[in-house]
Structure formats: C-alpha cells, structure tokens
Amino acid sequence: MKDTGMIRSLDSLGRIVVPVEIRLTRNIDIGDPIEFFILDEKIIVLRKYTSTECTFCRSLDHVTYYKDQFICNNCLKELGDPERDPGQPEPVHNAIVEAPEHSNLRRTKTEQMSQRLEQAIADHPFANQKELAEVLGISQARVSQLKRRLGSTNRP
Ligand SMILES: [Zn+2]
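If you're wondering where the values come from, they're calculated on a predicted model, not measured in any experiment. (Residues numbered from 1 in each chain as written. Predicted model: local features only at pLDDT ≥ 70, side-chain atom pairs only at ≥ 80, totals over all residues.)

Caption draft 1: Representation of the overall build of the protein within the structure. Of regular secondary structure, the protein possesses six helices and four strands. Overall, the protein shows an N-to-C arrangement of helices and strands of α-β-β-β-β-α-α-α-α-α. Every one of the 156 residues in the protein was classed for burial, and the buried ones make up 9%. (Helix = DSSP H or I, 4+ residues; strand = E, 2+ residues; numbered from the N terminus. Buried ≥ 20, exposed ≤ 12 C-beta atoms within 10 Å, placed from the backbone.)

Caption draft 2: Summary view of the nonpolar core. One finds L117, A120, L132, A133, V143 and L146 forming the largest nonpolar core, which totals six residues. Going through the elements one at a time, α4 (103-123), α5 (129-136) and α6 (140-154) are the ones with two or more residues in this core. The residues touching A133, leaving out its near neighbours within four places in the chain, are I138, S139, Q140 and V143. (Core = buried A, V, L, I, M, F, W, Y, C linked by C-beta atoms within 7 Å. Contact = placed C-beta atoms within 7 Å.)

Caption draft 3: The confidence of the model for the protein, seen in detail. For the protein, mean pLDDT is 81; residues scoring 70 or higher make up 80% of the total. When mean pLDDT is taken per element in the protein, helix α1 (residues 20-25) scores highest with 93 and helix α3 (residues 91-95) scores lowest with 52. (pLDDT = per-residue confidence, 0-100.)

Caption draft 4: Fine view of the environment of I28. Secondary-structure assignment places I28 in the loop between α1 and β1 (34-38). By C-beta crowding, I28 is classed as partly exposed, having 18 other C-beta atoms within 10 Å. Measuring from C-alpha to C-alpha, the distance between I28 and Y49 comes to 9.6 Å, with 21 residues separating the pair along the chain. Not counting chain neighbours up to four residues away, the residues in contact with I28 comprise V18, R23 and K48.

Caption draft 5: How the structure looks around the pairing of β1. With zero of its five residues buried, β1 lies for the most part at the surface. By the bridge criterion, five bridges tie β1 to strand β2 (residues 44-48) in an arrangement that is antiparallel. Pairing of F37 across the sheet is with V45, part of β2. The turn joining β1 and β2, which pair antiparallel and follow one another in sequence, is formed by five residues. (Pairing = 2+ DSSP bridges.)

Caption draft 6: A look at the environment of Q145. Looking at where Q145 falls in the secondary structure, it is placed in helix α6. Along the backbone, Q145 and T110 are 35 residues apart, and their C-alpha atoms lie at a distance of 10.0 Å.

Caption draft 7: Expanded view of unusual backbone geometry. One non-glycine residue, N27, lies in positive phi territory at about 60 degrees. Inspection of the secondary structure assignment puts N27 in the loop between α1 and β1.

Caption draft 8: Focus on the pairing of strand β3 (residues 63-66). Examined bridge by bridge, β3 and strand β4 (residues 69-72) share four bridges and lie antiparallel to one another. Looking across to β4, one finds that V63 is bridged to C72. Hairpin connection, β3 to β4: the antiparallel pair is bridged by two residues, and K67 has positive phi, about 45 degrees.

What follows is the structure, given as structure tokens:
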C-alpha cells in the first residue's frame, strides 16, 4: 500500500475531504459515490463505487462482468440470438427500421460502420462505448446497436 503522505481531519459531522490530488488522479468527481472497505482493525479503504447494473438495461439481476462492462443474463442471451424479438422497442431500434427500397443501401452503410467499429475496438481495446462513439463520430446508441450486431455475427 502506497503512503500518500496526505492527512485530513474529520470535521464535527464526521466528514472528511478527499484531497483534490487523489480525486484528480483517481477520476473521482464531486457527487460520485464512494465505497468503504475494512481491511483490518486499523485500515479502511475508500474506492470509487462502480455500479454493477447491466450496461444495456440497468438490471441488477444475474449480472456478468465482461471487458469492463456489466451485462445481465437476458441481454447476454439477446446478444447471442440474432433472430431475437426485441420485446419493448427502445429508441435505438427505430434507427434500424428500414424502408424496403433503401434496405440494401442501409445494410451496406451498417456493414461499413460495423467494420469501422471493429477497427476502432481493435485500435482502442479499452475504450468504452462513449469513447468509441466519439472516435467514430456516431451516437452511443448506434455503437451499442453495432456492437450487438458484431456480437451476433462473430459468435460461432
Ligand atoms: Zn441487461
């Protein structure tokens, strides 16, 4: 364990200030939830709380951790099934509703963007959806939609 040499006193309400140097280097913003861990009788550890809710549907049930994302069993199943019934349509599904006469063109565009996304993921293996969206100049919803598409076509 690294000693930061920083000491802060509890105030009258039992509050403590997390030094700005730590907040900046650990990417903790005002309002972020902080988790407490008890290491032993004398040591308490603080950590920025990472929610374990599903990236796609916000469910907290049966969540699996994969490549820096949490995914629930239902969404995992959907990802693996290209013929799935989307059930309650989300806004993202409206984006892929195609007029029949344009379907070939739209499909080609989707194909191209999928390839660009695959390349972007290869170039930035640790980028999250937001960062990938910025790299490609498309919306996060679009990245999510393309990722699902890649997930279903890459599956054996
Ligand atoms: Zn889910």
